[in-house]
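Breakdown of the fold
This is what each chain is made of:
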Amino acid sequence: MSPGQSLLTLLSASRCEMAARGSLLLLFLPSLVTASHSPPGCKIRITSKGLDLVKQEGLRFVEQELQNITVSDLHGSEGQFQYNISHYDIGSINASADGVHIYTVLQLAKDEAGRLKISNMTCSASIARMHAGFSGTLRKVYEFLSTFIVTGMRYLLSQQICPSLEHASLVLLNSLLDTVPVRNYVDEHIGIDYSLLRDPSITTDTLELDFKGMFFPRVREDQELENHAVEPVIKETERMVYVAFSEYFFDSAMHSYFQAGVLTIELQGEKVPKDLEVLLRATFFGTIFMLSPSVDAPLRLVLQVSAPPRCTIKPSGTSVSVSAFLNISLVPPDRPPVQLSSMAMETKLSAKVFLQGKALRVQLDLRRFRIYSKQSALESLALFSLQAPLKTLLQLTIMPIINERTKKGVQIPLPEGMDFTREVVTNHAGFLTVGADLHFSKGLREVIEKYRPVPTATAYSSSQPAEPSLDPSSL
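What this report covers is the structure whose coordinates are included nearby. Note that the structure is a prediction, hence the values are computed from the model and not measured.

**Topic: the packing of aromatic side chains**
This structure, assessed with the given rule, holds five aromatic pairs. Ring centres of F215 and F249 lie 5.0 Å apart, and the angle between their planes is 65 degrees; on these two criteria the pair is classed as edge-to-face. Linking F215 in strand β14 (residues 214–217) with F249 in helix α4 (residues 247–259), this pair joins segments that are 34 residues apart in sequence. With respect to class, F215 is no different from F249; both count as buried. Each member of the aromatic cluster is reached from another via a ring pair, and the members are F215, F245, F249 and F250. Directly above the aromatic system of F216 lies the positively charged group of R183, at a separation of 3.9 Å from the ring centroid. A cation over a ring is seen here: R218 above Y185, with NZ or CZ 3.5 Å from the ring centre.

If you want it as structure tokens, here you go:
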């Protein structure tokens, strides 16, 4: 059993079209859900500071929604008078409300696609008192009927608050959550699966989301890589949000690139550094002489990773271990390649993980390197003179190619319009965290309006509550 939703209390003054005064109480209540526990590759924790910011932006959006509430037609009778007020007739009514109380419970859950959704909503709303001042040619008539008109307005408005908020939550806010990436392509080789593993979990002042955080090769999108890594445990609270990535997150990326067959780099002819070419020809002169190929044939170096690289995250830093083969051959024109040597390479790269915008990026640098022969210890000894120049080749030629490929980074699952500031990366045993504060570069309404589908007349009427006319004398 695991906790499923979040507890979030929003208490603020709420105002609608008639400048209401009161309070709004929104709750995301926890519930228990049964789910098999699998460790996340990516975990997000929003702290109380982050929730406070979300509350402020949410209240601003709710106030904007309440401003759209209008009073429908009023009709009824008072003694011998029969009245029917449509759109306020001629003149205006300046109305205010006291004691506006809105209590809303939103239920958060993951849907079938693994996306965070508002799955249900309950709401109650009341207006304790209303006051109205009338103007226009029929002011005296309206003042005579003021008790009935104000009573009707109070009833109509209180009946429209919850349907309006229900539409705002289940339709509009869910369209905002649709902007969170769930399963996207990173580049032409791999994609990322950010589907939720379970419903959100809560503590008294945090909201936590467990994401699969698994990369996959586009040539085999249904491939699953088992997660045996340490589960991230976020304890920090200083920043508004913390995003944790386990070793599994990075391992799955490298495994996917390996499965896609792109962890191979080939240098031939003029792409081979001249100093290295001279040294290689001198080192393998005997082999070249015995095989008698054309001495002027261009050299070809093929560096191929032999197994998926592995990531190790420690408090002292992040490293990547890579095993590869380096095949050196001559490529005579119109003849099959002549292999001069095939050597094994063991390298350890240091990885600097940082955030740029909402993209997680990794900068790799060569830390350790050694080569040895796959045939004999004697040949390994002969290759010792190549150790330094080949390391230079990796640093100056190969590493820039690798870093250019990873330059784009991968997006972190946040809604559009929400950005990070004041980022800080902290290493732990088996995972790292990126702490940051949140900033709304776009308001909720701006993002929602951007993706709002143009409603048809039928769709609009079915999604919006009808505005009933009212006979106040029936209340």
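Picking up after the structure, the text goes on.
**Quick word on the side chain of D251**
Within the secondary structure, D251 is located in helix α4. Classification of D251 as buried rests on a relative accessible area of 10%. Looking at D251, its side chain comes within polar contact range of the side chain of R310, at 3.3 Å. Excluding its chain neighbours within four sequence positions, the residues that come into contact with D251 are P309, R310 and C311.

**Some thoughts on the nonpolar core**
Counting 97 residues, the largest nonpolar core has F245, F249, F250, I328, L360, L390 and F420 as the members making the most contacts within it. Other than its neighbours up to four places away in sequence, L360 contacts F245, F249, F250, V353, F354, L355, G409, V410, I412 and V434.

**Some thoughts on the packing of helix α1 (residues 48–66) against helix α9 (residues 444–451)**
α9 packs onto α1 with a crossing angle of 60 degrees between their chain directions and a minimal axis gap of 9 Å. In terms of orientation, α1 lies oblique with respect to α9. For the pair α1 and α9, contact is made by E57, G58, F61, Q64 and E65 and by L444, R445 and I448, respectively.

**Section: the sheet that holds β14**
Hydrogen bonds between backbone groups are what pair the strands of a sheet, and the pairing can be parallel or antiparallel. Spatial ordering of the open sheet is given by β10-β11-β14, a layout of three strands whose pairing is antiparallel. With one partner strand each, in any of the chains shown, β10 (183–185) and β14 form the two edges of the open sheet. Direction aside, the axes of adjacent strands within the sheet are offset by 25 degrees on average. Here four bridges tie strand β11 (residues 190–193) to β14, and the two strands are oriented antiparallel to one another. Within β14, the residue paired with D193 across the bridge is M214. Where α4 meets the sheet, its contacts fall on β11 and β14, and the angle it forms with β14 comes to roughly 0 degrees.

**Description of α9**
Along an α-helix, residues three or four positions apart point the same way, because every turn accommodates 3.6 residues. Residues L444, R445, V447 and I448 constitute the buried set of α9. Within α9, the buried residues cover an arc of 165 degrees as seen down the axis, which keeps them to one side.

**Some details on the state of the cysteines**
All told, the structure shown has one disulfide when counted by the stated rule. Between C123 and C162 runs a disulfide, and the two sulfur atoms are separated by 2.1 Å. Residues C123 and C162 are joined through a disulfide that is left-handed, its torsion about the S-S bond being -75 degrees. Of the two residues, C123 is situated in strand β9 (residues 116–135) and C162 in helix α3 (residues 146–177); the sequence distance between them amounts to 39 residues.

**A word on the sheet that holds strand β12 (residues 201–202)**
With antiparallel pairing, six strands are arranged side by side in an open sheet as β12-β13-β5-β15-β24-β23. Each edge of the open sheet carries a strand with a single partner, namely β12 and β23 (418–427). As paired elements, strand β5 (residues 42–46) and strand β15 (residues 241–246) share five bridges and run antiparallel to each other. Opposite C42, over in β15, you have F245 as the bridge partner.

**A few points about the pattern of salt bridges**
Tallied over the entire structure, the rule returns 21 salt bridges. The salt bridge involving E238 is made with R239; its shortest N-O contact spans 3.4 Å. The partner of D437 in a salt bridge is R422, with the nearest N and O atoms 2.4 Å apart. Remark: R422 occurs in strand β23 and D437 occurs in strand β24 (residues 431–440); sequence separation between them is 15 residues. Residues participating in the shared-partner salt-bridge network are K43, R45, R198, E208, D210 and E231.

About the criteria used
- Residues numbered from 1 in each chain as written.
- Predicted model: local features only at pLDDT ≥ 70, side-chain atom pairs only at ≥ 80, totals over all residues.
- Heavy atoms only, no water.
- Phe/Tyr/Trp six-rings, centres within 6.5 Å; stacked < 30°, edge-to-face > 60°.
- Helix = DSSP H or I, 4+ residues; strand = E, 2+ residues; numbered from the N terminus.
- Buried < 20%, exposed > 50% of the residue type's maximum accessible area, 1.4 Å probe, protein only.
- Lys NZ or Arg CZ within 6 Å of the ring centre and 35° of its normal.
- Polar contact = N/O pair within 3.5 Å; in protein donor to acceptor, adjacent residues only side chain to side chain.
- Contact = heavy atoms within 4.5 Å.
- Core = buried A, V, L, I, M, F, W, Y, C linked by side-chain atoms within 4.5 Å.
- Axes fitted to C-alpha atoms, helices over the stretch in contact; angles between N-to-C directions.
- Parallel < 35°, antiparallel > 145°, perpendicular 65-115°, else oblique.
- Pairing = 2+ DSSP bridges.
- Arc of directions from axis to C-beta.
- Disulfide = S-S within 2.5 Å.
- Salt bridge = Lys/Arg side-chain N within 4 Å of Asp/Glu carboxyl O.

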